[in-house]
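Commentary on secondary and tertiary structure
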Amino acid sequence: ESVDLESADLYAAFAVSGGTPPYTWSVGNPSLGTISYSASTSYVAGYSAVSSAYGSNEITVRDAEGRVASATVIRTVEED
């Protein structure tokens, strides 16, 4: 699964279903963006892109039993 963000977009939301909570979220490259979530509602997370950074970033979620799922956020410069 992937999410494409235009240069004006800085936020994407993610939700996981199945597996065993709590879930732990992480990003591959924190210089491109960060992921935040609450321990009590760890099935949902928000990705915030760094406004001056472009490229591809991998979001990973791991459940309590070690199962992993991932998605890619791709942020590109808008063409005029």
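Note that this is a predicted model, so its numbers are computed, not measured. (Residues numbered from 1 in each chain as written. Predicted model: local features only at pLDDT ≥ 70, side-chain atom pairs only at ≥ 80, totals over all residues. Heavy atoms only, no water.)

1. Things to note about a negative patch on the surface
On the surface, a cluster of negative charge is contributed by Asp4, Glu6, Asp9 and Glu78. As for its placement among the helices and strands, glutamate 6 is situated in the loop between strand 1 (2-5) and strand 2 (11-15). (Patch = residues over 30% accessible without salt bridge, like charges linked within 9 Å, V, L, I, M, F, W, Y side chains within 5 Å. Areas by Shrake-Rupley, 256 points an atom, 1.4 Å probe, with all protein chains shown as cover. Salt bridge = Lys/Arg side-chain N within 4 Å of Asp/Glu carboxyl O. Lys, Arg positive; Asp, Glu negative; His and termini not counted. Charge placed at Lys NZ, Arg CZ, Asp CG, Glu CD. Helix = DSSP H or I, 4+ residues; strand = E, 2+ residues; numbered from the N terminus.)

2. A short note on the side chain of arginine 75
Tracing the backbone shows arginine 75 in strand 7 (residues 68-75). As a buried residue without a salt bridge, arginine 75 has its nearest oppositely charged side chain in aspartate 9, at a separation of 7.4 Å. Engagement of the side chain of arginine 75 in a polar contact is seen with the backbone oxygen of serine 51, the distance being 3.3 Å. A distance of 2.5 Å separates a polar side-chain atom of arginine 75 from the backbone oxygen of alanine 53. (Buried < 20%, exposed > 50% of the residue type's maximum accessible area, 1.4 Å probe, protein only. Polar contact = N/O pair within 3.5 Å; in protein donor to acceptor, adjacent residues only side chain to side chain.)

3. As for the side chain of serine 7
Here serine 7 shows up in the loop between strand 1 and strand 2. Setting aside chain neighbours within four positions, we find serine 7 in contact with Tyr54, Arg75, Thr76, Val77 and Glu78. (Contact = heavy atoms within 4.5 Å.)

4. Observations concerning the sheet that holds strand 4 (residues 33-36)
The strand order 2-5-4 describes an open sheet built from 3 strands, whose pairing is antiparallel. Of all strands in the sheet, those bounded by a partner on one side alone are strand 2 and strand 4. Across the sheet, the mean angle from the axis of one strand to that of its neighbour is 20°, orientation sign disregarded. One ladder, built from 4 bridges, connects strand 4 with strand 5 (residues 44-49); its direction is antiparallel. In the sheet register, isoleucine 35 faces strand 5, and the bridge partner there is tyrosine 47. (Pairing = 2+ DSSP bridges. Axes fitted to C-alpha atoms, helices over the stretch in contact; angles between N-to-C directions.)

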